[in-house]
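Examining the three-dimensional arrangement
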Amino acid sequence: MKHVISSWVDAILPGRHSLVMLFLAVFMSVPSVLFHVDALQCTLRSLPENLYRTEGDILIGGIFAINAQWQEPANPFSEPPQSVICSTFSVWSYGFALALVFTINEINREQLLLPNITLGFLIYDTCQSLIRTMQGTLQMLTGPVQPVLNYNCEQYSRLAAVIGEARSTASISIARLLGLYRYPQVSYFSSSPMLNDKFQFPSFFRTIPSDIDQAQLLHYMKRVRFTNKMGDSMFFDGNGNPPAVYDILNWHLEPDGEIVFAKVGSFDSRAPDGKQLSINSSAIQWNIHNTKVPISVCSESCSPGYRKAPKKGQPHCCFDCILCSEEGISNETDSSKCWPCPLELWPNLMRTECVPKTIEFLPYQEIIGCLLVAAGMGCFLITVLILLTFYKHRDTALVKANNRELSYLLLGALALTFLCPFLFVGEPQKIACLLRQPAFGIIFVLCVSCVLAKTIMVVIAFNATKPGSNMRRWLGPSVPLFTVSCCTVLQILICALWLLLCPPFPEKNMKLKTGTIVFQCNECSETAFWCMLGYMGLLSLASFLVAFLARNLPDSFNEAKWITFSMLVFLSVWMSFVPGYLSTQGKYMVAVEVFGIISSSAGILICIFFPKCYIILIKPELNTREHLLAKRTDSYIR
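Residues numbered from 1 in each chain as written. Predicted model: local features only at pLDDT ≥ 70, side-chain atom pairs only at ≥ 80, totals over all residues. Heavy atoms only, no water.

**Side note on the overall build of the protein**
To keep things clear, this is the line we draw: Numbering of helices and strands runs from the N terminus; a helix is a DSSP stretch of H or I covering at least four residues, while a strand is a stretch of E covering at least two. Buried residues are those whose accessible area, probed at 1.4 Å on protein chains only, stays under 20% of the maximum for their type, while exposed residues exceed 50% and partly exposed ones sit between those limits. Only the protein chains shown count as covering a residue, and every accessible area follows the Shrake-Rupley method with a 1.4 Å probe.
Along its length, the protein carries 17 helices and 22 strands. Counting every position in the protein, which comprises 638 residues, the buried fraction comes to 44%. Carbon and sulfur atoms make up 61% of the accessible area of the protein, which totals about 33900 Å².

**A few points about the state of the cysteines**
Threshold: Two cysteine sulfurs form a disulfide in these notes if their separation is within 2.5 Å.
Summed over all chains, the structure comprises six disulfides. Paired by a disulfide, Cys-433 and Cys-521 hold their sulfur atoms 1.8 Å apart. Taking the torsion about the sulfur-sulfur bond, which here is approximately -70°, the covalent link between Cys-433 and Cys-521 counts as left-handed. With Cys-433 in helix α12 (residues 430-464) and Cys-521 in strand β22 (residues 516-522), the pair connects residues that are 88 residues apart, well separated along the chain.

**Points about the nonpolar core**
Put simply, the rule is: The set of buried Ala, Val, Leu, Ile, Met, Phe, Trp, Tyr and Cys residues whose side-chain atoms join them within 4.5 Å is what this entry labels a nonpolar core. Here, residues are in contact when the closest pair of their heavy atoms is within 4.5 Å.
By size, the foremost hydrophobic cluster in this structure holds 61 residues, and its most contacted members are Phe-440 and Phe-609. Going through the elements one at a time, α8 (367-392), α9 (397-401), α10 (404-419), α12, α13 (478-501), α14 (526-549), α15 (559-582) and α16 (587-617) are the ones with two or more residues in this core. If you tally residues by element for this core, the top one is α16, at 13 residues. When near neighbours in sequence (up to four residues on either side) are disregarded, Phe-609 contacts Ile-386, Phe-390, Ser-407, Leu-410, Leu-411, Leu-414 and Ile-604. Core analysis: the next-biggest nonpolar cluster, separate from the first, contains 18 residues, Ile-58, Ile-66, Ile-104 and Phe-121 among them.

**Let's talk about the packing of aromatic side chains**
Definition in use: The aromatic pairing rule takes the rings of Phe, Tyr and Trp, using the six-membered ring of Trp, and pairs them if the centres are within 6.5 Å, calling planes under 30 degrees apart stacked, those over 60 edge-to-face and the rest tilted.
Taken as a whole and judged by the stated rule, the model has eleven aromatic pairs. Taken together, a centroid distance of 5.9 Å and an interplanar angle of 90° make the contact between Trp-92 and Phe-96 edge-to-face. Note that Trp-92 and Phe-96 are positioned in helix α3 (residues 91-109) at a spacing of four residues, about one turn of the helix. As far as the burial class goes, Trp-92 and Phe-96 line up, both buried.

**Observations regarding the sheet that holds strand β21 (residues 505-513)**
Applicable threshold: The pairing criterion for strands is at least two bridges between them, as found by DSSP. Here an axis means a line fitted to C-alpha atoms, over the contact stretch when the element is a helix, while the angle between two N-to-C directions is reported on a 0 to 180 degree scale.
The sheet built from three strands is open, its strands ordered β20-β22-β21 with mixed pairing. The outermost strands of the open sheet, each flanked by one partner alone, are β20 (358-360) and β21. Ignoring strand direction, the axes of neighbouring strands in this sheet form an average angle of 30°. With three bridges connecting them, β20 and β22 associate as parallel partners.

**With respect to the environment of Ser-269**
Secondary-structure assignment places Ser-269 in the loop between β12 (259-268) and β13 (277-279). Residue Ser-269 is classed as partly exposed on the basis of its relative accessible area, which comes to 31%. In the structure, Ser-269 is positioned 25 residues away from Ala-244 in sequence and 5.3 Å away in space, judged by C-alpha atoms. If near-sequence neighbours (up to four positions away) are discounted, Ser-269 is found in contact with Pro-243, Ala-244 and Gln-276.

**Some remarks on the packing of α8 against α10**
This is how the line gets drawn: For classification purposes, angles smaller than 35 degrees are called roughly parallel, those larger than 145 roughly antiparallel, those between 65 and 115 roughly perpendicular, and all remaining angles oblique. Crossings are classed by handedness, with left-handed meaning an anticlockwise turn of the near helix from the far one by less than a right angle and right-handed meaning a clockwise turn. Under the grouping applied here, Gly and all other residues not named as nonpolar or charged are polar, the nonpolar ones being Ala, Val, Leu, Ile, Met, Phe, Trp, Tyr, Cys and Pro and the charged ones Asp, Glu, Lys and Arg.
As a packed pair, α8 and α10 sit with axes 8 Å apart at the nearest point and diverge in direction by 165°. When the axis of α8 is compared with that of α10, the two are roughly antiparallel. With respect to the hand of their crossing, α8 and α10 are arranged in left-handed fashion. For the pair α8 and α10, the contacting residues are Gly-376, Met-377, Cys-379, Phe-380, Thr-383, Ile-386, Leu-387, Phe-390 and Tyr-391 in the first and Ser-407, Tyr-408, Leu-411, Leu-414, Ala-415, Phe-418 and Leu-419 in the second. Residues that form the contact of α8 with α10 fall into these classes: 13 nonpolar, three polar and no charged.

**Details of the sheet that holds strand β11 (residues 245-253)**
The strand order across the open sheet formed by three strands is β11-β12-β13, and the pairing between neighbours is antiparallel. Edge positions in the open sheet fall to β11 and β13, since each of these has one partner strand only. Each strand axis lies, on average, 30° off the axis of its neighbour in the sheet, ignoring direction. Bridging between β12 and β13 involves three bridges; their strand directions are antiparallel. Its bridge partner being in β13, Gly-265 is matched across the sheet by Ile-279.

**Concerning the confidence of the model for the protein**
In plain terms, the rule: pLDDT measures how confident the predictor is about each residue, on a scale from 0 to 100.
This prediction gives the protein a mean pLDDT of 78; 76% of its residues lie at or above 70. When pLDDT is averaged over each element of the protein, α8 comes out on top at 93 and helix α1 (residues 2-12) at the bottom at 45. Note on residues 633-638: pLDDT is under 50 here. Beyond four places in sequence and across chains, it has four contacts.

**Observations concerning α8**
The line we're drawing: To estimate the expected span of a helix, count its residues, drop one, and scale the result by 1.5 Å.
Given a rise of 1.5 Å per residue, 26 residues ought to cover 38 Å, and the 37 Å separating the end C-alpha atoms of α8 matches this to within 8%. Taken together, the buried positions of α8 are Gly-369, Leu-372, Val-373, Gly-376, Cys-379, Thr-383, Ile-386, Thr-389 and Phe-390. In this fold, the buried residues of α8 make contact with α9, α10, α11 (421-424) and α16.

**Digging into the side chain of Glu-593**
The test is simple: We count Lys and Arg on the positive side and Asp and Glu on the negative side, and we leave His and both chain ends out. Should a side-chain nitrogen of Lys or Arg be within 4 Å of a carboxyl oxygen of Asp or Glu, the pair is scored as a salt bridge.
Along the polypeptide, Glu-593 turns up in helix α16. In this structure, Glu-593 is buried with no salt-bridge partner, the nearest side chain bearing the opposite charge being Arg-436 at 5.6 Å. Not counting residues within four places of it along the chain, the set of residues in contact with Glu-593 comprises Phe-424, Gln-437, Phe-440, Phe-529, Trp-574, Phe-577 and Tyr-581.

**Here we look at helix α4 (residues 130-142)**
Since the α-helix turns once every 3.6 residues, residues separated by three or four places project in the same direction. Relative to the 18 Å expected for 13 residues at 1.5 Å per residue, α4 spans 19 Å between its end C-alpha atoms, a close match to the ideal helical length. Inspection of α4 places Arg-132, Thr-133, Gly-136, Thr-137, Leu-138, Gln-139, Met-140, Leu-141 and Thr-142 among the buried residues, and these make up the whole buried set. Those residues of α4 that are buried lie in contact with β2 (58-64), β4 (85-89), β5 (119-125), β6 (158-164) and α5 (168-180). Taken from the residues just after α4, Gly-143 is the one with a positive phi, measuring 105°.

**Overview of the packing of α10 against α16**
Following both chains from N to C, one finds α10 and α16 inclined at 155°, their axes separated by 9 Å at the closest point. As summarised for this structure, α10 and α16 are arranged roughly antiparallel, according to the angle between their axes. You can see that α10 and α16 cross each other, and the crossing is left-handed. Touching Ser-407, Leu-410, Leu-411, Leu-414, Thr-417 and Phe-418 of α10 are Ile-597, Ile-598, Ser-601, Ala-602, Ile-604, Leu-605, Ile-608 and Phe-609, all from α16.

**Overview of the pattern of salt bridges**
Scanning the model with the defined rule gives nine salt bridges in all. Arg-53 is the salt-bridge partner of Glu-55, the closest N and O atoms lying 2.9 Å from each other. A salt bridge links Asp-320 to Lys-311, with the shortest nitrogen-to-oxygen separation between them at 3.6 Å. Owing to a relative accessible area of 29%, Lys-311 belongs among the partly exposed residues under this scheme.

**Side note on unusual backbone geometry**
Here Gln-128, not a glycine, exhibits a phi torsion of approximately 60°, which is positive. In this structure, Gln-128 sits in the loop between β5 and α4. The exposure class assigned to Gln-128 is partly exposed, which follows from its relative accessible area of 31%. Of note in the backbone geometry, Asp-334 takes a positive phi value of approximately 60° without being a glycine. As for its position among the elements, Asp-334 is in the loop between β16 (328-329) and β17 (339-340).

Here you go:
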């Protein structure tokens, strides 16, 4: 029978070791006044109540609703009132009563706990009736079958503590009545979160005769420390509270309708931090033989990277999961909003974290940057070789006839244009951003003005050969020098104003491309930039028109035709550059401009100087003054 009761106690009251400790501390603190027998003879007419009791030096009261329902008898007021009729036996509450009996017997059996002291008990069934609750409490306080208010008529022992009902109505009533006898309420046991109000643990009341006594009580409770038969360490903390050791139970509904309480976890406050709570989730049954956690909302949880969007006209637990935009992230489950990333960061593809943006510029290491720089350097070397060739053959008829000083200047300017890509390719620097557009604009205007001066000199040279012409005085170096100087100085003024009023500077553009920081040169003034390009375009157009009108003049080797072709190539490149430049961004915009610089300069170099190099190097017999004059005469006669 002992083993049966012990198993039952284990099932319904997992913290019985704490209960034993509680009884031990209370009874060790009971002062000698509790053992005094009041010999007063008292009587009070009332209904007899049945108390289940066992005698002992100290009595423990237990007030339980062993029967869960009651019926109130008819009271006609013409005869003494009848007792409340109890019905519907409660196995659960009866288990609490057995747990009390078992605990007291265990304490009495272990002589080391309370030597020379035996515990007794008083158990009363309230039937969940407030009337019976008050009657039973009063009878425990006064002792005899006929209770007497304000007197204790126990002959052998006094009541030390009461374990009361868990229902708030009953427990408050018990507390108020016991308070008159100086039994304060102590909440040693709280409601189990897994049980409803019907199956809460009972309240506990102990006797404390005075404030001084409240202080042999805490003192003794602090000193209590022992190891029980199970090997568990038992003690009280500084506040007099025992260690919290609980089993976590789960209702298992069997197919036959029986409810079985299965242990699915435990809580032990004595365990190290992080190991106090232990739960076996696989043992939990949420429904009949179903271990899957039920869904309590009408929508699944939103994963990180998504935000909850409430569904209109539905409960707040109903929502849609929407992926965060390209500018925001959410790094937690069921997030209601997405957070923007800092400017230098952007969301990853999953929208769960901010990662650094890619920095974009046209580096030397990329294929396109490497090819453009290689092309510029190759054209620069070719231009230098042509310049050296012209200088070596400076005294030949062809070089003299084509204004060698102007040719030297044009070749030098073309060589500089082929070096301009080095200001555009690579990581933008302050000096490079400041100089690259003005340098490109001034050098190109110098080239175009040289071409324009050469075309003008072709026209002057043809008209000077006519009989009676006074154009010979313009054949000197003054005309090309004046033309080149005027055209170039105007471009220098435009660029100087640009640098003074709003100089270009390097910047990291974080808004141009999503997920990319475009490291570029900010031109600062779009107006100044397009004024520079516009002036260069007008000058190129003027050179093209002059050369086109002079294309049929009997000049040596038809230089006017080659100038026309070169200007046509130049204008074609830059007319296609404008829409290409405006339709690209980042490093590709820089690549388009560098390509325009190299291709337009190469067009001038090829159209104007390659035919002359062919004559100088391959056909030197044609590079004579006689051949030059003969060709001019033939052209003039035709």
